[in-house]
Amino acid sequence: MTKVTLIIKNISELITVEGKNEARSGKAQGEIEKIHDGLVLVCDDKILYAGSTKGAPEYEAAENCEVIDATGKTVTPGLIDSHTHLVHGGSREDELDMKLNGVTYLEILERGGGIMSTLTKTKKMSEDELFEQAKKSVERLISYGVTTIEAKSGYGIDDFDTEMKQLKVADRLGEELPVDIVKTFMAAHAIPAKYKQNQGEFIDIVINDYLPKIEAYGKCKFCDVFCEKGVFNAEESKRLLMAAREHGLIPKIHADEIEEIGGTTTAKEVEAISAEHLIKCSEKGVMELKEGGVIANLLPGTSFNMGDGIFAPARLMIEKEVPIAISTDYNPGSCPTENIQLCMYLACLNMKMTPAEVLVAVTINGAAAVDEADIKGSLSKGKLADIAIFDAPNFNYVVYHFGINHTDKVIKNGKVVYSK
Ligand code: NIG
Ligand code: FE
């Protein structure tokens with residue numbers, strides 16, 4: 001008989017998100033089964049069973065088996081934050097006054113602030129200093145129920161050593177902390193000062209010099225680009241992402257965050273796994289995502305913090321059967337928060353997504369956005385035992401009672417790594 005190493009019993013509401021191991025769209029985005037009196041059995045780092053107590057297979061507890069009584073609690077797959085700018089130097093609270101005085105995000109960037117000021121701070125800090133800063137954020141993310149984090153470079157841009165420093169810090173975070181870090185190369189995050197007159201030349205450098213080095217480093221899975229007015233245009237983004245594919249990186253793209261300039265066309269053409277933000281995405285853009293099989297990775301915390309009350313058209317995306325993932329976009333400028341539960345609330349309130357659609361967005365669809373839906377994102381037999389336990393009688397309560405942290409425990413690879 002199989003020996004189990006962890007038992008979670010008497011679960012008031014268990015949502016396994018079981019089903020196809022792929023991004024769910026349309027009606028399926030909101031289809032989840034809620035099990036009352038649920039049980040989860042874990043064998044080492046894998047799920048053995050998640051379902052009703054009545055339907056459980058026979059099992060035997062291993063010596064030292066941990067037993068968690070989840071009476072009054074909600075259990076879901078560990079949350080997947082599939083878009084962050086996790087590793088960066090310092091913070092930008094000094095920009096708050098400017099913002100309140102009506103200076104926009106892109107104007108701050110044009111004046112040499114914004115991403116540019118984070119570049120300077122990231123360059124100055126040592127690997128150890130960056131590690132210590134990011135470690136605090138990872139611990140916060142875990143405390144909100146997150147078990148996998150996507151982390152982008154992009155605060156070195158034409159300083160390749162700083163790009164690599166960020167990636168190495170991300171590696172170390174994944175090695176030393178109980179969380180998986182999935183890395184994205186994003187040198188094309190801002191236009192370096194010396195290429196202002198010829199940004200195409202910078203794209204050439206990224207393609208010809210950086211991408212081969214990133215391929216040789218071998219630990220980056222994705223390549224991303226900030227396709228935006230005043231940053232990289234759709235053609236430049238396409239050229240870069242096509243080349244990234246040839247170097248074994250899967251394309252992602254920041255598109256339609258501030259203005260719609262064709263990022264979704266590029267996403268479709270390069271068959272990006274996901275397009276990020278999409279705040280200003282039109283119906284034509286939504287259809288391009290659909291045609292390209294692109295996941296819409298929506299970041300409602302960023303919309304909220306931009307302060308203009310405009311959110312991505314999630315309902316239209318659901319109607320057109322574009323799968324939606326939800327992430328924090330944690331970064332020092334447009335979204336300085338690790339609170340994914342708050343982002344989930346904002347997705348409900350401002351994008352009119354149901355709690356069920358939101359849960360799918362932060363579990364199986366988040367897993368699909370980091371190309372890991374076969375091993376994560378649902379509590380299915382054989383998948384990694386990455387589990388979130390919330391001190392809430394049901395999942396709707398987690399989304400409804402906003403602004404606080406509902407996490408009771410987090411389990412990563414079958415081990416309790418956070419306990420309230
Ligand atoms: O996703 N838009 C570009 N990148 C980030 C912001 C990074 C920053 O402001 O430091 C974003 O919003
Ligand atoms: Fe971002």
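Residues numbered from 1 in each chain as written. Chains lettered and ligands numbered in written order. Predicted model: local features only at pLDDT ≥ 70, side-chain atom pairs only at ≥ 80, totals over all residues. Heavy atoms only, no water.

Engineer: It is not clear to me how the overall build of the protein chain should be interpreted in this structure. Could you clarify?
Structural biologist: Scanning the protein chain from terminus to terminus reveals 15 helices and 17 strands. Against the compact-globule benchmark of 22 Å for 420 residues, the protein chain has a radius of gyration of 21 Å, which places it among compact chains. Taken over the C-alpha atoms alone, the protein chain extends approximately 70 × 45 × 45 Å along its principal axes. Counting only residues that meet the buried cut, the protein chain has 60% of its 420 residues in that class. A fraction of 74% describes how many contacts in the protein chain between residues 6 or more apart in sequence connect residues 24 or more apart. Distance between charge centres in the protein chain, computed from 47 positive and 65 negative side chains, equals 2 Å. (Helix = DSSP H or I, 4+ residues; strand = E, 2+ residues; numbered from the N terminus. Rg over C-alpha atoms; globule rule 2.2 N^0.38 Å. Buried < 20%, exposed > 50% of the residue type's maximum accessible area, 1.4 Å probe, protein only. Contact = heavy atoms within 4.5 Å. Lys, Arg positive; Asp, Glu negative; His and termini not counted. Charge placed at Lys NZ, Arg CZ, Asp CG, Glu CD.)

Engineer: What should I look at first to understand the sheet that holds strand 17 (residues 415-419) in this one?
Structural biologist: The strands that make up a sheet are held in pairs by hydrogen bonds between backbone atoms, and each pair lies either parallel or antiparallel. Reading across from one edge, 2-6-15-16-17 is the order of the 5 strands in this open sheet, with mixed pairing throughout. Two strands lie at the open edges of the sheet, namely strand 2 (13-14) and strand 17, each paired on one side alone. For strand 6 (residues 74-77) and strand 15 (residues 387-390), the ladder comprises 4 bridges, and the chain directions are antiparallel. If you follow Thr74 over to strand 15, its bridge partner there is Phe390. (Pairing = 2+ DSSP bridges.)

Engineer: Help me understand the coordination of the iron ion (ligand 2), please; the structure alone is not making it clear to me.
Structural biologist: Around a metal, the ideal angle is 109.5 degrees if four donors adopt a tetrahedral arrangement and 90 or 180 degrees if six donors adopt an octahedral arrangement. Note on the iron ion (ligand 2): its protein donors are His83 (NE2), His85 (NE2), His254 (NE2) and Asp329 (OD). The metal-donor distances range over 2.1 to 2.4 Å. Each donor residue of the iron ion (ligand 2) belongs to the same chain, and together they define the spacing H-x1-H-x168-H-x74-D. On the criterion of sequence distance, the pair formed by His85 in the loop between strand 7 (79-81) and helix 1 (96-100) and Asp329 in the loop between strand 14 (324-326) and helix 12 (340-351) is long-range, its members being 244 residues apart. A single burial state applies to His85 and to Asp329, both of which are buried. (Donors = N, O, S within 2.8 Å, 3.2 Å for Na, K, Ca; no water.)

Engineer: Honestly, helix 5 (residues 160-176) in this entry has me stumped. Any pointers?
Structural biologist: Given 3.6 residues per helical turn, the α-helix brings residues three or four places apart onto the same face. With 17 residues, helix 5 extends 24 Å between its outermost C-alpha atoms, agreeing within 8% with the 24 Å of an ideal straight helix rising 1.5 Å per residue. Along helix 5, the residues that are buried comprise Phe160, Thr162, Glu163, Met164, Lys165, Gln166, Leu167, Val169, Ala170, Asp171 and Leu173. (Expected span 1.5 Å × (residues − 1).)

Engineer: Looking at this structure, how should I read helix 7 (residues 234-246)?
Structural biologist: Over its 13 residues, helix 7 extends 19 Å from the first C-alpha to the last, a length consistent with the 18 Å expected when each residue adds 1.5 Å. Every buried residue of helix 7 is listed here: Ala234, Glu236, Ser237, Leu240, Leu241, Ala243 and Ala244. Structurally, helix 7 contributes buried residues whose contacts are with helix 6 (199-217), strand 10 (222-223), strand 11 (250-255) and helix 8 (263-269). The N-capping residue of helix 7, defined by a side-chain oxygen 3.1 Å from the backbone nitrogen of Glu235, is Asn233. Residue Gly248 follows helix 7 closely and has a positive phi angle near 80°. (Polar contact = N/O pair within 3.5 Å; in protein donor to acceptor, adjacent residues only side chain to side chain.)

Engineer: Please explain the nonpolar core as it appears in this structure.
Structural biologist: Considering soluble globular proteins, one finds that nonpolar side chains tend to be buried as a cluster. Within the largest apolar cluster, 117 residues are counted, with the highest numbers of intra-cluster contacts made by Leu86, Leu173, Phe185, Leu289, Leu298, Met317 and Met353. For this core, the element with the most residues is helix 6, which contributes 8 residues. Aside from chain neighbours lying at most four places away, what touches Met317 is Leu278, Cys281, Val286, Leu289, Ala296, Leu298, Val322 and Ile324. In terms of nonpolar packing, the next biggest core, distinct from the first, is built from 17 residues, Ile11, Ile47, Ile68 and Val75 among them. (Core = buried A, V, L, I, M, F, W, Y, C linked by side-chain atoms within 4.5 Å.)

Engineer: What am I meant to see in the side chain of His254 here?
Structural biologist: The topology assignment puts His254 in strand 11. At a separation of 3.1 Å, a polar atom in the side chain of His254 contacts the side chain of Asp224. With residues near it in sequence (within four places) discarded, His254 still touches His83, His85, Lys152, Met186, Asp224, Val225, Phe226, Cys227, Glu276 and His277.

Engineer: It is not clear to me how the packing of helix 12 against helix 13 (residues 355-362) should be interpreted in this structure. Could you clarify?
Structural biologist: The geometry of a pair of packed helices is captured by two quantities: the angle between their axes and the separation between those axes. Relative orientation of the contacting elements helix 12 and helix 13 amounts to 135°, with a least axis distance of 9 Å. With respect to helix 13, the axis of helix 12 lies oblique. Like other packed secondary-structure pairs, helix 12 and helix 13 cross with a definite hand, here right-handed. Contact residues: Ile340, Met344, Ala347 and Cys348 in helix 12; Pro355, Val358 and Val362 in helix 13. Across the contact of helix 12 with helix 13, the residue classes tally to 7 nonpolar, no polar and no charged. (Axes fitted to C-alpha atoms, helices over the stretch in contact; angles between N-to-C directions. Parallel < 35°, antiparallel > 145°, perpendicular 65-115°, else oblique. Left-handed = near helix turned anticlockwise from the far one by under 90°. Nonpolar A, V, L, I, M, F, W, Y, C, P; charged D, E, K, R; others polar.)

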